[in-house]
Number of protein chains: 2
Amino acid sequence: MEKSIHGRPYIETKKGPVLTPCAPNGVLARLGDKWTILVMSILALEPARALRFSEIRNGIPSISQRMLTLTLRNLERDGLVTRHYFAEVPPRVEYELTPMGRTMLPALEGFTGWIRDNWRAIEQSRQRFDAAGSDEI
Amino acid sequence: MEKSIHGRPYIETKKGPVLTPCAPNGVLARLGDKWTILVMSILALEPARALRFSEIRNGIPSISQRMLTLTLRNLERDGLVTRHYFAEVPPRVEYELTPMGRTMLPALEGFTGWIRDNWRAIEQSRQRFDAAGSDEI
DNA sequence: CTGCATCCATCCTGATACTG
DNA sequence: CAGTATCAGGATGGATGCAG
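Predicted, not measured: the structure shown is a model, and the values here were computed from it.

Asks: In this structure, what is going on with the layout of surface pockets? I would like to understand it.
Replies: Any empty space left between the atoms is revealed when a probe the size of a water molecule rolls over them. All names here are of chain B. In this structure, the largest pocket encloses a volume near 160 Å³. In this structure, the largest pocket is lined by Arg52, Phe53, Ser54, Thr69, Arg73, Arg83, Pro91, Arg92, Val93 and Tyr95. Counting residues per element, the ones that place at least two in the lining of the largest pocket are α3 (53-59), α4 (65-77) and β6 (92-97). Looking at the lining of the largest pocket, its residues break down into 4 nonpolar, 2 polar and 4 charged.

Okay, here's the thing in structure tokens:
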């Protein structure tokens, strides 16, 4: 029977635990990209309501149209977001969280909550680290 | 007074909520990179004990020496990991979680736990999505 | 309004070789 | 053993123009 830590299977060896490769890698990489968490946060504001493309875009002023499209497409592909296309003129497209997408929100909240509590300390640590490094020239 | 969702400040406007840029972006990006979570997971296996560079490397067979060094250096810079250098021959270097690093573990566990429960569904969703797309040629 | 295609600059990563 | 330097490839992201 495999053990697991943080959802990741590993095996015990003479030299210590060895993580075995598995898919969660890829999931984490996707969620950690530049925009995914931001888009999920916007959709989480009103988990029950669908948002238009332009509403999401307005919520994240710095995102480009291209990147919002790509991010939403990936979320749709992962089954976290549903896309509703209305063939009107002009076209209207709405996005909303799927049930699975909504189950992610508590975990996301836990993680971003930790960041909210600690990012100032992290910033300070970075400044101290960088300052210490610049002495050693 | 600013509101916040998932640790991220935002303001209400006539057109809806708008996320305001802030530092947590960068923290998430760091944690979401290719190796950071894996390294944290290894260190989390024995949160009270320091691990040698080579022990960590053995725990993540696919990581290159270069990327492990870079990842550990970034974690040290962020104040999540402490580096202990022993000027022996051959040199020995050990790493361990800082108190702040340990406070991150529950949040990490929540997130990776969700992934453990859902990554199969995500994989399936991706396959369905890709299969549907290839019909439309 | 929404989305795709293209081009291009940048960053990230891995491979390799070398040092204390 | 641990770390650094260098280089090349691919991945990522932004700007722009065009289309349904």
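Asks: Before we go on, may I ask you to explain the packing of helix α2 (residues 36-45) of chain A against helix α4 (residues 65-77) of chain A in this structure?
Replies: Relative placement of two packed helices is described by the angle separating their axes and the distance separating the axes. All names here are of chain A. Axis separation between α2 and α4 bottoms out at 10 Å; the angle between their running directions is 75°. Relative to α4, the element α2 lies roughly perpendicular. Contacts from Thr36, Val39 and Met40 of α2 reach α4 at Leu68, Thr71, Leu72 and Leu75. Across the contact of α2 with α4, the residue classes break down as 5 nonpolar, 2 polar and no charged.

Asks: Hey, could you run me through the protein's contact with DNA strand D in this one?
Replies: The immediate surroundings of DNA strand D are formed by 18 residues, with Lys34 of chain A together with Phe53, Ser54, Arg83 and Tyr95 of chain B found nearest. Sugar and phosphate atoms constitute 60% of the interface atoms of DNA strand D, taking the interface as everything within 4 Å of the protein. Tyr95 of chain B places a polar side-chain atom, nitrogen or oxygen, 2.8 Å from a phosphate oxygen of DNA strand D. Residue assignment for the surface near DNA strand D shows that the elements contributing at least two residues are α4 of chain A together with α3, α4 and β6 of chain B. Looking at the surface near DNA strand D element by element, the count peaks at 4 residues for α4 of chain B.

Asks: I tried to follow the environment of Arg73 of chain B on my own but got confused; where do I start?
Replies: Assignment of secondary structure puts Arg73 of chain B in helix α4. Each residue touching Arg73 of chain B, except ones within four places of it in the same chain, is listed here: Phe129 of chain A together with Arg83 and Tyr95 of chain B.

Asks: Got a minute to help me understand the pattern of salt bridges in this structure?
Replies: Where side chains of opposite charge bring their charged atoms close, a pairing between them can arise. Residue and element names in this part refer to chain B. According to the stated counting rule, one finds 19 salt bridges over all chains in the structure shown. Here Arg30 makes a salt bridge to Asp78, at a shortest N to O gap of 3.4 Å. Here the residue Arg30 occupies a position in helix α1 (residues 24-31), and Asp78 occupies one in the loop between α4 and β5 (81-86), the gap between them amounting to 48 residues. Asp78 carries the same exposure label as Arg30, and that label is buried.

Asks: Just checking my understanding: could you explain the pairing of strand β5 (residues 81-86) of chain A for this structure?
Replies: One face of the sheet, then the other: side chains in a regular strand alternate in exactly this way. All names here are of chain A. Summarising the sheet, β5 and strand β6 (residues 92-97) pair through 6 bridges and their orientation is antiparallel. Bridge pairing in β6 places Thr82 opposite Glu96. Counting the residues between successive antiparallel strands, the hairpin from β5 to β6 contains 5 residues.

Asks: It is not clear to me how the nonpolar core should be interpreted in this structure. Could you clarify?
Replies: Here is a general trend for soluble globular proteins: nonpolar side chains tend to be buried in one another's company. Core analysis: the largest hydrophobic core is formed by 70 residues, its most contacted members being Ile56 of chain A together with Ile56 of chain B. If you tally residues by element for this core, the top one is helix α5 (residues 99-135) of chain A, at 10 residues. Beyond its immediate sequence surroundings of up to four residues, Ile56 of chain B is in contact with Val39, Ile42, Leu43, Leu51, Leu68, Leu72 and Tyr95 of chain B.

Asks: Mind showing me how you'd approach empty space enclosed by the protein here?
Replies: Scanning all chains against the criterion turns up 2 cavities of 30 Å³ or more. Taken together, Leu28, Leu31, Gly32, Ile37 and Phe111 of chain A together with Leu28, Leu31, Gly32, Ile37 and Phe111 of chain B make up the lining of the largest cavity. Listed by contribution, the elements that provide at least two residues to the lining of the largest cavity are α1 (24-31) of chain A together with α1 of chain B. Here the residues of the lining of the largest cavity sort into 8 nonpolar, 2 polar and no charged.

Quick notes on the rules
Residues numbered from 1 in each chain as written. Chains lettered and ligands numbered in written order. Predicted model: local features only at pLDDT ≥ 70, side-chain atom pairs only at ≥ 80, totals over all residues. Heavy atoms only, no water. 1 Å grid on protein atoms, 1.4 Å probe; cavity = no way out; pocket = protein on both sides within 12 Å on 5 of 7 lines; lining within 4 Å. Points joined across faces, edges and corners; volume = space filled by probe spheres on them. Helix = DSSP H or I, 4+ residues; strand = E, 2+ residues; numbered from the N terminus. Nonpolar A, V, L, I, M, F, W, Y, C, P; charged D, E, K, R; others polar. Axes fitted to C-alpha atoms, helices over the stretch in contact; angles between N-to-C directions. Parallel < 35°, antiparallel > 145°, perpendicular 65-115°, else oblique. Contact = heavy atoms within 4.5 Å. Near = heavy atom within 4 Å. Polar contact = N/O pair within 3.5 Å; in protein donor to acceptor, adjacent residues only side chain to side chain. Salt bridge = Lys/Arg side-chain N within 4 Å of Asp/Glu carboxyl O. Buried < 20%, exposed > 50% of the residue type's maximum accessible area, 1.4 Å probe, protein only. Pairing = 2+ DSSP bridges. Core = buried A, V, L, I, M, F, W, Y, C linked by side-chain atoms within 4.5 Å.

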